[in-house]
Amino acid sequence: MAISPPEQRIWWNEPIGRNEVLWIGIGLIWCIIMFFMMPYWHLEGQQNPPTEGYRISSDDYATKAEAAAAEYTVGTWGETDVPVVSPPPGSDIYMIARLWEWWPVFELQKGETYRLHLASLDWLHGFSLQPVNLNLQIHPGYEMVATITPTETGEFGIVCNEFCGIGHHLMLGKMIVVEK
Ligand code: CUA
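Residues numbered from 1 in each chain as written. Predicted model: local features only at pLDDT ≥ 70, side-chain atom pairs only at ≥ 80, totals over all residues. Heavy atoms only, no water.

The next point concerns the overall build of the chain. Within the chain, the regular secondary structure consists of 2 helices and 12 strands. Reading the helices (α) and strands (β) of the chain from amino to carboxyl end gives α-β-α-β-β-β-β-β-β-β-β-β-β-β. In terms of C-alpha radius of gyration, the chain reaches 24 Å, well past the compact-globule figure of 16 Å for 180 residues. Counting only contacts in the chain whose residues sit at least 6 apart along the sequence, the fraction spanning at least 24 positions is 58%. Approximately 12,100 Å² of the chain is accessible, and the part contributed by carbon and sulfur atoms is 59%. Put simply, the chain has 9 plus and 21 minus side-chain charges, and the middle of one group is 5 Å from the middle of the other. (Helix = DSSP H or I, 4+ residues; strand = E, 2+ residues; numbered from the N terminus. Rg over C-alpha atoms; globule rule 2.2 N^0.38 Å. Contact = heavy atoms within 4.5 Å. Areas by Shrake-Rupley, 256 points an atom, 1.4 Å probe, with all protein chains shown as cover. Lys, Arg positive; Asp, Glu negative; His and termini not counted. Charge placed at Lys NZ, Arg CZ, Asp CG, Glu CD.)

In terms of domains, the chain is made up of domain 1 (1-48) and domain 2 (51-178). Centre-to-centre, using C-alpha coordinates, domain 1 lies 43 Å away from domain 2. (Domains from an automatic or database assignment.)

This next bit is on the sheet that holds strand 1 (residues 52-55). Strand pairing in a sheet takes place through backbone hydrogen bonds and is either antiparallel or parallel in direction. Judged by pairing direction, the sheet is mixed, and its 5 strands sit side by side in the order 1-10-7-4-5 without closing on themselves. Every interior strand has two partners, whereas the edge strands, strand 1 and strand 5 (101-103), have only one. Neighbouring strand axes in the sheet, compared pairwise and without regard to direction, differ in orientation by 25° on average. Inspection of the sheet shows strand 4 (residues 92-98) paired to strand 5 by 3 bridges, in the antiparallel sense. (Pairing = 2+ DSSP bridges. Axes fitted to C-alpha atoms, helices over the stretch in contact; angles between N-to-C directions.)

Once that is clear, we can look at the nonpolar core. A general feature of soluble globular proteins is that nonpolar side chains tend to end up buried together. Ranked by internal contacts, the top residues of the largest apolar core, which has 36 residues, are Met-95, Trp-102, Phe-106, Leu-116, Leu-118, Phe-127 and Met-175. Considering each element in turn, this core owes the most residues, 5 residues, to strand 4. (Core = buried A, V, L, I, M, F, W, Y, C linked by side-chain atoms within 4.5 Å. Buried < 20%, exposed > 50% of the residue type's maximum accessible area, 1.4 Å probe, protein only.)

Do not read the fine detail of predicted coordinates wherever pLDDT is low. Mean pLDDT over the chain: 91, with 99% of residues reaching 70 or higher. Of all the helices and strands in the chain, strand 9 (residues 134-138) carries the lowest mean pLDDT, 89, while strand 4 carries the highest, 96. (pLDDT = per-residue confidence, 0-100.)

Per the counting criterion, the structure on display carries 6 salt bridges. A salt bridge links Glu-143 to Lys-64; the shortest N-O distance between them is 2.9 Å. One end of the pair, Glu-143, is in strand 10 (residues 142-148); the other, Lys-64, is in helix 2 (residues 58-71), and 79 residues separate them in sequence. Here Lys-174 ties to Glu-155 by a salt bridge, and the two come within 3.5 Å at their closest N and O atoms. You can see Lys-174 sitting in strand 12 (residues 172-178) and its partner Glu-155 sitting in strand 11 (residues 154-160), a full 19 residues away along the chain. (Salt bridge = Lys/Arg side-chain N within 4 Å of Asp/Glu carboxyl O.)

Below you can see the structure in the form of structure tokens.
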């Protein structure tokens, strides 16, 4: 018991018991397995992280994203004043993450490729496209670019999966894929 003094004053200098050696051995082997899982998963896990990213100020990104959205706005989303933007296939599209929204709503065409730019204007957010499990951390000051080609039509939800404050659970967006 830890609350009574040890029988041996130099308690830490006794020979290690067999069970303890066994558990240390198991722990060490597990550490090594987990360590080698990192390169293994990187190469064989079919991960597909974007490799394109740029430093950008929030103001510059907002200006760029708002100008791009204004050019191809086709309406607003539901009861909100969030624009629905229908950019031409093959183009660069710019999404803003901020407290607490994903802006704007894109209407994309099935089978066409887009370069999706993402940046946060304030704090760390997590872009999670449902239910296809596309996940990206969105940092302020960095513009990440993911090349996407929608393969199904429908409405896809975007949730924030990095805790970003009191409205985190309300930070929802939408991506619409249509057949043209
Ligand atoms: Cu944005 Cu959580």
